[in-house]
Protein chains: 2
Amino acid sequence: MNSVKIIGNAIYLPENKVENDFFNNKFNLEENWIYKRTGIKSRYWAKDESASYMAIEATKKLLEDKKFDAQKIDCIVVASTTNEKMMPGISFEIQKALNIKKCFCIDISSGCSGYINGLDIVRLYIASGKIQYGLVVGVEVLSKYLDINDINTSILLGDGAGATLLGKCEESKIYCSNIESIGQEGDILTCSTNENIYMEGKKIYKFGTIKVSENIKELMKENNINNEEIKYIIPHQSNIRIMKSIANRLGIEKQKIYVNIEEKGNTFNASIPIALYQMEEENLLHNGDKVIIVGYGGGLNLGSVLLEI
Amino acid sequence: MNSVKIIGNAIYLPENKVENDFFNNKFNLEENWIYKRTGIKSRYWAKDESASYMAIEATKKLLEDKKFDAQKIDCIVVASTTNEKMMPGISFEIQKALNIKKCFCIDISSGCSGYINGLDIVRLYIASGKIQYGLVVGVEVLSKYLDINDINTSILLGDGAGATLLGKCEESKIYCSNIESIGQEGDILTCSTNENIYMEGKKIYKFGTIKVSENIKELMKENNINNEEIKYIIPHQSNIRIMKSIANRLGIEKQKIYVNIEEKGNTFNASIPIALYQMEEENLLHNGDKVIIVGYGGGLNLGSVLLEI
């Protein structure tokens, strides 16, 4: 199997930033009520931006930043729960916008952590030698599927897109994944067509802490890797309490858990590539660093990936 | 890479069969008008059956027929354009219904030929040694997204589900795929949320004949295989005219193109596994036979797979 590396990331965030004050007024909350419970101070909500538009903008930025020729992209995988079309999918819209002559496109709908499935699939295509370069995009317009009066969801969720470019790598790089689903408990986080997102907060907290930390521990044990060797854990940005609890359960320093939920809220499939981009911008990731990326959410679906930068 | 084989297939068709007479009366057509143009005499339209229900029923039948333990399934991939939920996906509903303790689930939405992507992904996971057994399900409830007054779509489309079980194989088996997308032409076959399926028949005919036969020719050339060595071509059941034209363009005998559109119509992602099941039932497939499976449709998305039974 060939080694695979992340070449780069880029994002698109809607222009419209919604601060906690909006909800403080609406629900008559104390100033710090939301922040204390969620770690969130603001989130972005799309006005006119569609999921396809945001995905295309993030991809264009990525290719510009990395001076990467779009024609070299062999496959595009998009993970989203909020595509506005049954067909064509968002991945096809990206191919169209960039006018890529030859590639294959897949839209994945596997809850909030489909990005992890997409990453694992694209990496496997590259590792097997079938392709050389692949794009994984996570994008959501969750604000369109919110009951704004439901404090359990409306204060948490944000919109955005993040794109990750993966490529074949001559240097040897670690990559391992531990992805699993729990359809049996899928009822605690749902969204039917034409309905709003429904979350059972307490049960999700339990899932997001116990199951997710067990999944990471399994991955680390299988690969015989300890907390000291890990530079960062980059979790889905669901809620600051869940992320802190994961750190506690793993016995890892809180500074090693990358958190950017404060400004952006929970953006489901977009949250991990947005975090990766921001870490790249903050110069936190260096060649050879071992990091663990962790996704979890609706389905239920969860998975962790150990990879070397 | 490990070899992979198809262990078996099973299907679910809705109880409600809609004969051409229904449309003959509605559109005041001559008795053979629809059949001559499409090759279709009937199709099944779901009444109460949801996509999840049909997918679960097809999967249960498959496991019963093959006496296969559900707990051995490592992954479930479902391809559909007509899932009624944004989350959880249909694959998660299957995991839940079968109470599979450990597996991962992915829903793919890549137009009418997402089944081909699903097959390719599951095969790659097995071939890489990451998993041993995987399920690929194609399912559609197209009747819910039809304008019954649109003769271009309503007479063609049907509902149904087909499930395919893939597994690691000790014997060496050929497997090659040629999957590509043409997002640039995605406008000729679309469906937005809460809208009906839209098709530009003439352009789809051109795509389904020229591009699809070119794709198959490429696959055969790359693998140095000729018409004589192919036992069957199993195309997406879109329209009899497209299938006949593919045979002509390949210069292959018409009897080698498997056709079952007459009774079932065009069922998008379900059409190939339904065809595979029927061929199994008719005892047409034998160990060592080389067949080509071909999907094409919305996205645009298309792909052919050469595999050994």
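Preceding block: the structure.
Residues numbered from 1 in each chain as written. Chains lettered and ligands numbered in written order. Predicted model: local features only at pLDDT ≥ 70, side-chain atom pairs only at ≥ 80, totals over all residues.

**Here's the deal with the overall build of chain A**
The number of helices and strands found in chain A is ten helices and 14 strands. Taking 309 residues into account, the globule formula puts the C-alpha radius of gyration at 19 Å, and chain A, at 18 Å, falls close to it. By principal-axis analysis of the C-alpha atoms, chain A measures approximately 55 × 45 × 40 Å. For chain A, buried positions account for 54% of its 309 residues. (Helix = DSSP H or I, 4+ residues; strand = E, 2+ residues; numbered from the N terminus. Rg over C-alpha atoms; globule rule 2.2 N^0.38 Å. Buried ≥ 20, exposed ≤ 12 C-beta atoms within 10 Å, placed from the backbone.)

**Digging into the packing of helix H7 (residues 201–222) of chain A against helix H8 (residues 240–250) of chain A**
Residues and elements named next belong to chain A. Direction vectors running N to C along H7 and H8 enclose 40°, while the axes themselves pass 9 Å from each other. Here H7 lies oblique to H8, going by the angle between them. Two packed elements cross with a definite hand, and for H7 against H8 that hand is right-handed. Judged by residue contacts, Tyr205, Gly208, Thr209, Val212, Ser213, Ile216 and Lys217 of H7 engage Arg241, Ile242, Ser245, Ile246, Arg249 and Leu250 from H8. Tallied by class, residues from the contact of H7 with H8 come to six nonpolar, four polar and three charged. (Axes fitted to C-alpha atoms, helices over the stretch in contact; angles between N-to-C directions. Parallel < 35°, antiparallel > 145°, perpendicular 65-115°, else oblique. Left-handed = near helix turned anticlockwise from the far one by under 90°. Contact = placed C-beta atoms within 7 Å. Nonpolar A, V, L, I, M, F, W, Y, C, P; charged D, E, K, R; others polar.)

**Points about the nonpolar core**
Residues Ala55 of chain A together with Ala55 of chain B are the most contacted members of the largest nonpolar core, which totals 197 residues. Not counting residues within four places of it along the chain, the set of residues in contact with Ala55 of chain B comprises Val78, Ile90, Ile94, Val137, Val139 and Ala161 of chain B. (Core = buried A, V, L, I, M, F, W, Y, C linked by C-beta atoms within 7 Å.)

**Things to note about the interface of chain B and chain A**
Contacts between the two partners involve 42 residues from chain B and, on the opposite side, 42 residues from chain A. Listed by contribution, the elements that provide at least two residues to the side of chain B that touches chain A are strand S5 (85–87), helix H4 (90–98), strand S6 (104–108), helix H5 (114–127), strand S9 (175–181) and strand S10 (189–192) of chain B. The biggest single contributor to the side of chain B that touches chain A is S6 of chain B, with five residues. Its residues assigned to classes, the side of chain B that touches chain A shows 15 nonpolar, 20 polar and seven charged. Of the strand pairs in this sheet, strand S10 (residues 189–192) of chain A and S5 of chain B are connected by two bridges, and their pairing is antiparallel. Across the sheet, the residue bridging to Ser192 of chain A is Lys85 of chain B, located in S5 of chain B. (Pairing = 2+ DSSP bridges.)

**Description of the sheet that holds strand S11 (residues 198–199) of chain B**
Across the sheet, three strands lie side by side as S5(A)-S10(B)-S11(B); this open sheet has antiparallel pairing. Lying at the two open borders of the sheet, with one neighbouring strand each, are strand S5 (85–87) of chain A together with S11 of chain B.

**What to know about the sheet that holds strand S14 (residues 301–308) of chain A**
Residues and elements named next belong to chain A. On the basis of which strands lie adjacent, the open sheet formed by four strands has the order S9-S14-S13-S12 and mixed pairing. Pairing within the sheet leaves two strands with one partner each, and these edge strands are strand S9 (175–181) and strand S12 (232–235). On average, adjacent strands in this sheet sit at an angle of 10° to one another, irrespective of strand direction. One ladder, built from seven bridges, connects S9 with S14; its direction is antiparallel. Pairing of Cys176 across the sheet is with Leu306, part of S14. Against the sheet, H7 touches S9, strand S13 (290–297) and S14, its axis set at about 35° to S14.

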